[in-house]
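Listed here are the chains, written in short residue letters.
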Amino acid sequence: MLALARERCAHRPQVAFQEADAAGIPFPQRTFDAAISVQVYEYVPDMAAALRELCRVLRPGGRAVIVDTDWASLVWEAEDRGAG
């Protein structure tokens, strides 16, 4: 996924990707204005530690968006009921 992301953003010099452990983000505290996490925390064994780490690297007033999908409760709506 990182290789694909780097390829897709190669023309954007302001974008960088780095692999890291959610419970040990390799940046100083108060580094980021915003953070986005998609489909990550569902796989993290110590979510409390990971969330503390996320808060640590956000600047005061920084914002985080966390998206994790509960696939068991997901409902697809389609015109063709047989397609699902």
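Criteria and thresholds
Residues numbered from 1 in each chain as written. Predicted model: local features only at pLDDT ≥ 70, side-chain atom pairs only at ≥ 80, totals over all residues. Heavy atoms only, no water. Helix = DSSP H or I, 4+ residues; strand = E, 2+ residues; numbered from the N terminus. Rg over C-alpha atoms; globule rule 2.2 N^0.38 Å. Buried < 20%, exposed > 50% of the residue type's maximum accessible area, 1.4 Å probe, protein only. Contact = heavy atoms within 4.5 Å. Pairing = 2+ DSSP bridges. Right-handed = clockwise from strand over helix to strand, strands pointing away. Arc of directions from axis to C-beta. 1 Å grid on protein atoms, 1.4 Å probe; cavity = no way out; pocket = protein on both sides within 12 Å on 5 of 7 lines; lining within 4 Å. Points joined across faces, edges and corners; volume = space filled by probe spheres on them. Nonpolar A, V, L, I, M, F, W, Y, C, P; charged D, E, K, R; others polar.

*Asks:* Report on the overall build of the protein, specifying residues and quantitative values.
*Replies:* Scanning the protein from N- to C-terminus turns up two helices and two strands. Walking the protein from its N terminus toward its C terminus, one meets helices and strands in the order α-β-α-β. For 84 residues, the compact-globule estimate of 2.2 N^0.38 gives 12 Å, and the protein exceeds it by more than 25% at 17 Å. If one aligns the C-alpha atoms of the protein with their principal axes, the spans along those axes are about 50 × 35 × 25 Å. When the 84 residues of the protein are sorted by exposure, 15% land in the buried category. Sequence-distant contacts, at least 24 apart, represent 70% of the contacts inside the protein between residues at least 6 apart.

*Asks:* Which residues make up the pairing of strand 2 (residues 58-67), and what values go with them?
*Replies:* In this sheet, strand 2 lies alongside strand 1 (residues 32-38) in parallel orientation, the contact comprising six bridges. Bridged to isoleucine 36 within strand 2 is valine 65. What joins strand 1 to strand 2 is helix 2 (residues 47-57), and the crossover it makes is right-handed.

*Asks:* Mind laying out the side chain of serine 37, listing which residues take part and the relevant values?
*Replies:* If you trace the backbone, serine 37 turns up in strand 1. For serine 37, a relative accessible area of 11% corresponds to the buried category. Excluding its chain neighbours within four sequence positions, the residues that come into contact with serine 37 are Val65, Ile66 and Val67.

*Asks:* Can you lay out helix 2 for me, pointing to particular residues and giving the numbers?
*Replies:* When we look at burial in helix 2, the residues that qualify are Ala49, Ala50, Glu53, Leu54 and Val57. Angular distribution of buried residues about the axis of helix 2 spans 140°; they occupy a single face of the element. Away from its buried face by more than 90 degrees, helix 2 exposes Arg52 and Cys55. Where helix 2 is buried, its residues touch strand 1 and strand 2.

*Asks:* Outline the side chain of glutamate 53, supporting the account with residue identities and numerical values.
*Replies:* Looking at the secondary structure, you find glutamate 53 in helix 2. For glutamate 53, a relative accessible area of 12% corresponds to the buried category. In this view, glutamate 53 contacts Ala22, Ala23, Gly24 and Ile25; residues no more than four positions away in its chain are not counted.

*Asks:* Break down the layout of surface pockets for me, with residues and values.
*Replies:* For the largest pocket, the calculated volume is near 1,100 Å³. Lining of the largest pocket is provided by 25 residues; of these, Phe17, Gln18, Ile36, Ser37 and Val40 occupy positions nearest its centre. Of all the secondary structure elements, the ones that give two or more residues to the lining of the largest pocket are helix 1 (2-8), strand 1 and helix 2. Tallied by class, residues from the lining of the largest pocket come to 20 nonpolar, three polar and two charged.

From the geometry alone we can't say anything about function, so treat these as descriptive.
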